[in-house]
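# Architecture at a glance
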Amino acid sequence: MCVRLRFPDIPVICRDEENFLILHSLRITRESTAILAGVPLPAQFCFTLYLPMARLVHIHREGTNILILLFMVLVAINVPVWLFMPPYVLPAICSGVSLLTYCFVFNFFRCPRRTYKGPRHGYVASSVDGKVVAIEKVNEPEYLHGPAVMLSVFMSPLNVHANWFPVDGTVEYIRHHQGRFFSAYLPKASTENERSTIGIVADTGQRITVRQIAGAMARRIVTYARKGCRADIDDHLGFIKFGSRVDVLVPKDSELLVEIGDPVVGSQTPIARLHKI
């Protein structure tokens, strides 16, 4: 049995089993119960409380501790300001700056749940949200060991910073490189900046390379992929905190489906089609 209740003006906050924060949706199933107003809900019912006009906003687990710590710091700053500073003007300015700061950091850790609906066999999807800033023929000596086409996507501070697998297949190679922190727009960022390289064998047999690249702001690359694990376009490959660029290198005979300047969406936009072996 499932009962659905709609309350357009009532937001609800809860945490799900994947450690994401859901800002307006609450679901109680047979496997999980919650407490509303101190009263446990029956486990045999399924309740969904949601806002029909609102968009789901999930927070990635990489941002949970940062957001909690930042909130505590901002509260510690604002309480004395309101208590001991001249009323209204300066405290209001401090609170406004604090709110903008928190919203700015909050924006980095948005993590929408996505399901790829396009063709999978032989297609490469974008790993991240952003804009295509470079398409060039390169020699990839680390994993492909030969010529390839590199598609670089830059993530602005307004983009989602989660990284998805670009193809269905198997992870065959992983290596983290220490490096510098040049602006991610620069061509040398691909080889000189701190980065992680992930090599994947697609289900079609072709091999592709993904590079997570830290930029001037991004100082922490997180890679979830492990050698031998299954790669799926719907799953997260990793996360770049506060940054910045991801390169996808495909075989040189691949058909490109995007151009420089095109906006792309991670796990949604096809960027290349692999030729059959």
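Described in the following lines is the structure provided in the data block. Note that the structure is a prediction, hence the values are computed from the model and not measured.

In spatial order, the strands read S12-S18-S16; together these 3 strands make up an open sheet with antiparallel pairing. Only two strands of the sheet have a single neighbouring strand rather than two, namely strand S12 (162-164) and strand S16 (220-223). On average, each strand axis in the sheet is tilted by 20° relative to the strand beside it, whichever way the strands run. Two elements, S12 and strand S18 (residues 236-241), share 3 bridges in a ladder whose sense is antiparallel. Looking at the pairing, Asn 163 lines up with Gly 238 of S18.

Attention now moves to the sheet that holds strand S10 (residues 130-140). Sheets are built from strands paired through backbone hydrogen bonds, the pairs being either parallel or antiparallel. In spatial order, the strands read S17-S13-S14-S15-S19-S11-S10-S21; together these 8 strands make up an open sheet with antiparallel pairing. On the outer flanks of this sheet lie strand S17 (230-231) and strand S21 (263-264), each paired with one strand and no other. With 7 bridges joining them, strand S11 (residues 146-154) and strand S19 (residues 245-251) adopt antiparallel strand pairing. Each residue of the ladder has a partner; that of Leu 151, found in S19, is Val 248.

Further remarks concern the pairing of S19. Where burial is concerned, most of S19 is hidden: 7 out of the 7 residues are buried. Here strand S15 (residues 207-213) runs beside S19; their pairing, made up of 5 bridges, is antiparallel. Residue Gln 212 lies in a different strand from S19, and its bridge partner there is Val 246.

Before going further, it helps to examine the packing of aromatic side chains. Aromatic ring pairs: the centre-centre distance and the angle between the two ring planes describe each pair. Scanning all chains against the criterion turns up 2 aromatic pairs. Relative to Tyr 102, the ring of Phe 71 has its centre 6.3 Å away and its plane inclined at 70°; by these criteria the two rings are edge-to-face. You can see Phe 71 sitting in helix H1 (residues 61-84) and its partner Tyr 102 sitting in helix H2 (residues 89-108), a full 31 residues away along the chain. With 5.8 Å between their ring centres and 25° between their planes, Tyr 143 and Tyr 173 make a pair best called stacked. You can see Tyr 143 sitting in the loop between S10 and S11 and its partner Tyr 173 sitting in strand S13 (residues 169-177), a full 30 residues away along the chain. Since its relative accessible area comes to 4%, Tyr 143 is described here as buried. Across the ring face of Tyr 143, the terminal group of Arg 207 is positioned such that the distance to the ring centre comes to 4.6 Å.

What counts, and where the lines are drawn
- Within each chain, residues carry numbers counting from 1 in the order of the written sequence.
- Reporting of local features is limited, given that this is a predicted model, to residues whose pLDDT is at least 70; pairs of side-chain atoms are given and counted only at 80 or more, and all residues count toward the totals for whole chains, interfaces and linings.
- Excluding hydrogens and water, the side-chain figures rest on all heavy atoms present in the structure.
- Pairing between two strands requires that DSSP report at least two bridges joining them.
- Numbering of helices and strands runs from the N terminus, with a helix taken as a DSSP run of H or I at least four residues long and a strand as a DSSP run of E at least two residues long.
- All axes here are fitted lines through C-alpha atoms, helices being fitted over the stretch that makes contact, and every angle between N-to-C directions spans 0 to 180 degrees.
- The classification of residues rests on relative accessible area computed with a 1.4 Å probe and restricted to protein chains. Under 20% of the type maximum is buried, over 50% is exposed, and intermediate values are partly exposed.
- Classification of ring pairs uses Phe, Tyr and Trp, with its six-membered ring standing for Trp, and accepts pairs whose centres are within 6.5 Å; under 30 degrees between planes counts as stacked, over 60 as edge-to-face, and the remaining range as tilted.
- Whether a charge lies above a ring is judged from NZ of Lys or CZ of Arg, which has to be within 6 Å of the ring centre and within 35 degrees of the ring normal.

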